[in-house]
Number of protein chains: 2
Amino acid sequence: MIAVDAMGGDHGVSSVIPGLAIVLKLRPDVRFRVYGHRDRIEEALSGQPNLKSAVTVIHTDKKIESDEKPSAALRASKGTSMRMALEAVEAGEAMAAVSAGNTGALMALAKIVFKTLPGIHRPAIASVMPGIKGESIMLDLGANVLVDAETLVQFAVLGAVFAKKQKKIENPRVGLLNVGSEDIKGPEHIRAAAEILKKIEFPGIFHGFVEGDDIMKGTVDVIVADGYAGNVALKTAEGVGLLIKHYFKESFNSPLAWLGAMIAYSSWKKLKRRTDPRLYNGGVFLGLNGVCVKSHGGADALAFSQAVLLAVRLARYGYIREVIEDINHVSQQERFLTPEVED
Amino acid sequence: MIAVDAMGGDHGVSSVIPGLAIVLKLRPDVRFRVYGHRDRIEEALSGQPNLKSAVTVIHTDKKIESDEKPSAALRASKGTSMRMALEAVEAGEAMAAVSAGNTGALMALAKIVFKTLPGIHRPAIASVMPGIKGESIMLDLGANVLVDAETLVQFAVLGAVFAKKQKKIENPRVGLLNVGSEDIKGPEHIRAAAEILKKIEFPGIFHGFVEGDDIMKGTVDVIVADGYAGNVALKTAEGVGLLIKHYFKESFNSPLAWLGAMIAYSSWKKLKRRTDPRLYNGGVFLGLNGVCVKSHGGADALAFSQAVLLAVRLARYGYIREVIEDINHVSQQERFLTPEVED
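Computed from a predicted model, the values in this text were never measured in an experiment. (Residues numbered from 1 in each chain as written. Chains lettered and ligands numbered in written order. Predicted model: local features only at pLDDT ≥ 70, side-chain atom pairs only at ≥ 80, totals over all residues. Heavy atoms only, no water.)

What follows is about the overall build of chain A. Each helix and strand in chain A was counted, giving 14 helices and 11 strands. Computed over its C-alpha atoms, the radius of gyration of chain A comes to 21 Å, within 12% of the 20 Å expected for a compact globule of 343 residues. Its C-alpha atoms give chain A principal-axis dimensions of about 65 × 60 × 35 Å. Buried residues in chain A amount to 61% of all 343 residues. Of the contacts formed within chain A by residues at least 6 apart in sequence, a portion of 73% connects residues at least 24 apart. Accessible surface, chain A: about 13,700 Å² in total, of which carbon and sulfur atoms supply 53%. Each charge sign in chain A was given a centre, from 41 positive and 39 negative side chains, and these centres are 7 Å apart. (Helix = DSSP H or I, 4+ residues; strand = E, 2+ residues; numbered from the N terminus. Rg over C-alpha atoms; globule rule 2.2 N^0.38 Å. Buried < 20%, exposed > 50% of the residue type's maximum accessible area, 1.4 Å probe, protein only. Contact = heavy atoms within 4.5 Å. Areas by Shrake-Rupley, 256 points an atom, 1.4 Å probe, with all protein chains shown as cover. Lys, Arg positive; Asp, Glu negative; His and termini not counted. Charge placed at Lys NZ, Arg CZ, Asp CG, Glu CD.)

Take a look at the structure:
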């Protein structure tokens, strides 16, 4: 059972409900608790008999606006579709929650409703990234800004367990995002985290430092960054995608271009599929005592379905239980460590 | 007159000399002092009568290896092609120096030979970035890691003057690279720099915070970042470029794909030209009392020519003189400022 906020994002029910239909095709056994305005949800469901029987609608006409300040949203959050979806997970009525709504409000609410896991300093946002050698997991994407070395080490654990559950890798290779200039070893908190990760035993293999281009090269399975560098990397990657799309539109604008494109149609389709950012939609909140996935606000049905599938996978394979054990194990080792940082 | 280190980079003279030939075609009045092994340079020049008359060869068989530690390279730098090129600028024999060699060593040497400009806290590396609405200037790309607010303000000045000289914009719009998550205003040094830039008068218009995707959207003319975020953004952009290139190769691998590509040939050529990273080669060291451009180590002739053209432009239009005035003006205003940072 997945709890879904149907009122979040730019398109609300009109991408949420068709999105769930896509999920149901791939995971016929999954059921949904959908929170939002009954009439709109029913209307969107009307065309989907199969989905209808998999959905339980819980009515509320209260929602959190995408432009609300998290602090304000929090005060008025009781009975909103977003909060009710999270509370369903907390109450054990659902295994995970998904929302396309206000990121700041969702993170703030998730912290309050789920609580941070015992021993975890700060939750992080993680996402699956495409790469030449295959997908990788990157965190933190902006739940925090600059953090200390111990928090980065915890992110390494959160990310490594994610990789294990998501991609069935026994010992994920974990890299710390750092700068590449030869004479700079990077900021102190990154170097200090590396010193700890070299020494401790955690659910992954520490690869060392990686640079921005290693994210897409697939050099490691997990890229660990503070929320500052992680968010800059994520947004920059989005920007380059937009730029190249723009260059395409500008270059392929002649009848001949179209003819050529038609002839190479299957290749174009393949390329379109490979470069479709919607397939990488879904930011997972890690380090909380409950699974919550944030969908992009502009997500359409296909994009939203990917966020829900991410939630299904994590909820299924006991992610949280394993994280609790590993975090304890790591913090016990850290007690005997005094990281030496060269300056 | 441009001083050129002919021994740097993966290809040495074999991309440096043909690169200078490309520059000479576009700027027939430019002359070059080329530092390196005479025999190899003469050999590369043999096929280029026009270029030959524009080049003065200064022989040295000493070079700095690309994998040398800057500290070690520094000690053994006397008489190397890289150092001699920088010293030519210092001696007034050339207006700017260009090298494709060891970045760390080049920055360390440039600091020693040129000295940092009066009042400048730290030099920065800047580069031209492509964008949907046009090019922009981004700095710092990794000369530093985390810096304080005042240093970021100086980067804003260095970048704004660069934009004025490079793109003839009277009042460049300057943005501070920051994270996008709604409830995070970013690291304290970024917020403190914004507080200062809002209040002072400097050779640009402060736009406020920008996110990673704004770099390629062309939201502003100058993107200011610390070397940590700036380097992560630059390398991530390179990585996405590589990934999409890889998707292309994988998708267009059938006879039909090739036929289609042939028919749409002119569009492909246009696209290739627009997305050619070589056209953006060249990292400029700003804040020093001399102009030095670092070319990518793997640069071919076309890429190297772009780095040289960047050096020509900056050397011509009195970049350094204007920076000195503006930095003084800014630091005088800062004395009367106590930035308030909200937490």
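Before going further, it helps to examine the confidence of the model for chain A. Averaged over chain A, the pLDDT score is 91; the fraction of residues at 70 or greater is 97%. If you check the scores for this complex, the pTM reads 0.91 and the ipTM reads 0.90. (pLDDT = per-residue confidence, 0-100.)

Moving on: the relation of the copies chain A and chain B. Of the transformation superimposing chain A on chain B, the axial component is 0.0 Å and the angular component is 180 degrees, with the fit at an RMSD of 0.0 Å. Both copies of the chain, as the preceding transformation shows, are related through a two-fold rotation axis. When C-alpha distances to the rotation axis are compared across chain A, the minimum falls at glycine 260 of chain A, with a value of 1.9 Å. Both copies present the same face, since 100% of the interface residues in chain A are matched by interface residues at the equivalent positions in chain B. (Least-squares fit on C-alpha atoms with pLDDT ≥ 70 in both.)

Moving on: the interface of chain A and chain B. Across the boundary between the two partners, chain A contributes 65 residues, which contact 65 residues of chain B. Taken together, chain A and chain B are joined by 4 salt bridges. Note that lysine 235 of chain A is salt-bridged to glutamate 211 of chain B, the shortest N-O span being 2.4 Å. Counting across the interface, chain A meets chain B through 12 residue pairs in polar contact (both at pLDDT 80 or more). Mapped by element, the contributors of at least two residues to the side of chain A that touches chain B are helix H6 (103–114), helix H8 (188–199), helix H9 (212–217), helix H10 (227–251), helix H11 (255–263) and helix H12 (265–274) of chain A. (Salt bridge = Lys/Arg side-chain N within 4 Å of Asp/Glu carboxyl O. Polar contact = N/O pair within 3.5 Å; in protein donor to acceptor, adjacent residues only side chain to side chain.)

Residues and elements named next belong to chain A. Summed over the entire model, instances satisfying the criterion amount to 31 salt bridges over all chains. For arginine 173, the salt bridge goes to aspartate 221, with nearest N and O atoms at 3.1 Å. A residue pair is termed long-range when its members are at least 10 positions apart, and arginine 173 in strand E7 (residues 173–177) and aspartate 221 in the loop between H9 and strand E9 (222–224) qualify at 48 residues. For aspartate 221, a relative accessible area of 9% translates into the label buried. Through salt bridges that share partners, Lys164, Lys165, Glu170 and Glu322 make up one connected network.

In most cases, non-glycine residues show a negative phi, while peptide bonds are predominantly trans. All names here are of chain A. Omega for the bond connecting leucine 139 with aspartate 140 falls within 30 degrees of zero, at -5 degrees, which places this linkage in the cis form. Its location among the elements puts aspartate 140 in the loop between strand E6 (136–139) and helix H7 (149–167). Phi is positive for lysine 115, close to 70 degrees, though the residue is something other than glycine.

With that settled, consider the packing of helix H1 (residues 13–26) of chain B against helix H13 (residues 301–316) of chain B. Residue and element names in this part refer to chain B. Two elements in contact, H1 and H13, have axes whose closest approach is 7 Å; the angle formed by their N-to-C orientations is 55 degrees. Of the possible angle classes, the one that applies to H1 and H13 is oblique. Note on packing geometry: the crossing formed by H1 with H13 is right-handed. Counted together, Ser15, Val16, Pro18, Gly19, Leu20, Ile22, Val23 and Leu26 of H1 and Ala301, Leu302, Phe304, Ser305, Val308 and Leu309 of H13 form the full contact between these two elements. (Axes fitted to C-alpha atoms, helices over the stretch in contact; angles between N-to-C directions. Parallel < 35°, antiparallel > 145°, perpendicular 65-115°, else oblique. Left-handed = near helix turned anticlockwise from the far one by under 90°.)

Glancing now at the nonpolar core. Counting residues in hydrophobic clusters, the biggest one holds 256 residues, and the most contacted among them are Phe32 of chain A together with Phe32 of chain B. Discounting residues that sit within four places of it in the chain, phenylalanine 32 of chain A has contacts with Met1, Ile2, Val4, Leu20, Val23, Leu24, Leu51, Ala54, Val55, Thr56 and Val308 of chain A. (Core = buried A, V, L, I, M, F, W, Y, C linked by side-chain atoms within 4.5 Å.)

Pairing between the strands of a sheet is mediated by backbone hydrogen bonds and can be parallel or antiparallel. All names here are of chain A. Strand order across the open sheet formed by 11 strands is E3-E2-E1-E4-E11-E10-E5-E6-E9-E7-E8, with mixed pairing between neighbours. Every interior strand has two partners, whereas the edge strands, strand E3 (55–59) and strand E8 (205–210), have only one. Each strand of the sheet is rotated relative to its neighbour by a mean of 25 degrees, with strand direction disregarded. Relative to E9, E6 runs parallel, the two being bridged by 3 bridges. Along E9, the bridge assignment pairs leucine 139 with valine 224. (Pairing = 2+ DSSP bridges.)

What follows concerns the side chain of glutamine 306 of chain B. Residues and elements named next belong to chain B. Structurally, glutamine 306 is set in helix H13. Judged by its relative accessible area of 17%, glutamine 306 is buried. Apart from residues lying up to four places away in sequence, glutamine 306 is in contact with Arg278, Leu279 and Asn281.

This brings us to the sheet that holds strand E3 (residues 55–59) of chain B. Residue and element names in this part refer to chain B. In space, the 11 strands of this open sheet follow the order E3-E2-E1-E4-E11-E10-E5-E6-E9-E7-E8, with mixed pairing throughout. Two strands close off the open sheet at either side, each with one partner strand: E3 and strand E8 (205–210). Here the strands of the sheet are splayed against their neighbours by 25 degrees on average, with no regard to which way each runs. Inspection of the sheet shows strand E4 (residues 96–99) paired to strand E11 (residues 291–294) by 4 bridges, in the parallel sense. Bridge pairing links valine 98 to valine 293 in E11. With respect to the sheet, helix H6 (residues 103–114) is in contact with E4, strand E5 (124–129), strand E10 (283–286) and E11, its orientation differing from that of E11 by roughly 175 degrees.

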